[in-house]
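Summary of the model geometry
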Amino acid sequence: MQRRIQGTIHRVKISEGTWVDKDDNIAKKAIENFSDLFSGFMESSLGELMHLIPPMVTREESALLAEATDIEEVRHLVFTMDGESAADPDDFTSKFFTFSWVIIAQDMHRMVASFFCGSEQSRFVTSTSNVLLPKVSNPQTFSNFRPISLCNFFNKLLSKIL
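Quick summary incoming for the structure in this document. (Residues numbered from 1 in each chain as written. Predicted model: local features only at pLDDT ≥ 70, side-chain atom pairs only at ≥ 80, totals over all residues. Heavy atoms only, no water.)

**Some words on the overall build of the chain**
Each helix and strand in the chain was counted, giving 9 helices and 4 strands. Going residue by residue from the N terminus, the α and β elements of the chain occur as α-β-β-α-α-α-α-α-α-α-β-β-α. For the chain, the residues scored as buried account for 23% of the 162 residues in total. In the chain, the share of contacts with a sequence separation of at least 24, taken over all contacts with a separation of at least 6, comes to 53%. Carbon and sulfur atoms form 56% of the exposed surface of the chain, whose accessible area is close to 12300 Å². (Helix = DSSP H or I, 4+ residues; strand = E, 2+ residues; numbered from the N terminus. Buried < 20%, exposed > 50% of the residue type's maximum accessible area, 1.4 Å probe, protein only. Contact = heavy atoms within 4.5 Å. Areas by Shrake-Rupley, 256 points an atom, 1.4 Å probe, with all protein chains shown as cover.)

**Focus: a nonpolar patch on the surface**
Together, Met50, Leu52 and Ile53 line one region of the surface with nonpolar side chains, adding up to about 320 Å² of accessible area. Among the secondary structure elements, Ile53 is positioned in the loop between helix 3 (46–49) and helix 4 (59–66). (Patch = residues over 30% accessible without salt bridge, like charges linked within 9 Å, V, L, I, M, F, W, Y side chains within 5 Å. Salt bridge = Lys/Arg side-chain N within 4 Å of Asp/Glu carboxyl O.)

**Describing the environment of Asp82**
Within the secondary structure, Asp82 sits in the loop between helix 5 (71–80) and helix 6 (94–99). Residues Asp82 and Thr93, 11 residues apart in the sequence, show an inter-C-alpha distance of 8.5 Å.

**Thoughts on the nonpolar core**
Note that soluble globular proteins tend to have their nonpolar side chains buried in a common cluster. Core analysis: the largest hydrophobic core is formed by 17 residues, its most contacted members being Val112 and Leu157. Every element with two or more residues in this core is listed here: helix 5, helix 7 (101–116) and helix 9 (153–161). Counting 9 residues, the second-largest nonpolar core is a separate cluster that includes Ile9, Val12, Ile14 and Ala30. (Core = buried A, V, L, I, M, F, W, Y, C linked by side-chain atoms within 4.5 Å.)

**A short note on the layout of surface pockets**
By volume, the second largest pocket amounts to about 320 Å³. Along the walls of the second largest pocket sit 13 residues, with Ala30, Ile31, Phe34, Asn130 and Leu132 positioned nearest its centre. At the level of secondary structure, the elements contributing two or more residues to the lining of the second largest pocket comprise helix 2 (23–38) and strand 3 (128–134). The element best represented in the lining of the second largest pocket is helix 2, accounting for 8 residues. In the lining of the second largest pocket, the residues fall into 10 nonpolar, 2 polar and 1 charged. (1 Å grid on protein atoms, 1.4 Å probe; cavity = no way out; pocket = protein on both sides within 12 Å on 5 of 7 lines; lining within 4 Å. Points joined across faces, edges and corners; volume = space filled by probe spheres on them. Nonpolar A, V, L, I, M, F, W, Y, C, P; charged D, E, K, R; others polar.)

**Examining the pattern of salt bridges**
Following the criterion strictly, the structure yields 2 salt bridges and no others. Among the ionic pairs, Lys29 bridges to Glu32, the shortest N-O distance being 3.6 Å. Here the residue Lys29 and the residue Glu32 both occupy positions in helix 2, the gap between them amounting to 3 residues, near one helical turn. For Lys29, a relative accessible area of 26% puts it in the partly exposed group. One salt bridge in this structure joins Asp107 and Arg110, with 2.6 Å as the shortest N-O distance. Of the two residues, Asp107 and Arg110 are both situated in helix 7; the distance of 3 residues between them amounts to about one turn of the helix.

Structure, rendered in structure tokens:
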């Protein structure tokens, strides 16, 4: 509770030098300020940039990555994840997934398999939370905050599988 109170942005000075202190206005100004950081226009197509990415896996390793993950591997990874890590936006930690494994096992396995088959995943599954961490003790402008992204459970699970 104390960290939440300390982390709350009560007011912020915007570029014009005026203070914004209503929650809705602070949120709008934060979105305006950080949207360029997380989105942008790509002048090159991905094909033009591929030469910049060094090959890290062989063709054989790539074929292994494309194979379907079995349910036991998914179970093992779910049960080895830190149950006390930060909760997802729905307030579930990985402890929830271990406790409810008997109920959700088939769904979790299907989600992982669909990811590796190239299916488009819902926003709920692929979302991340962006958090602003203060760089200084009394931040007054958005430049005094460092944005970080917190992955949800499914993103963490896929990272471990890869």
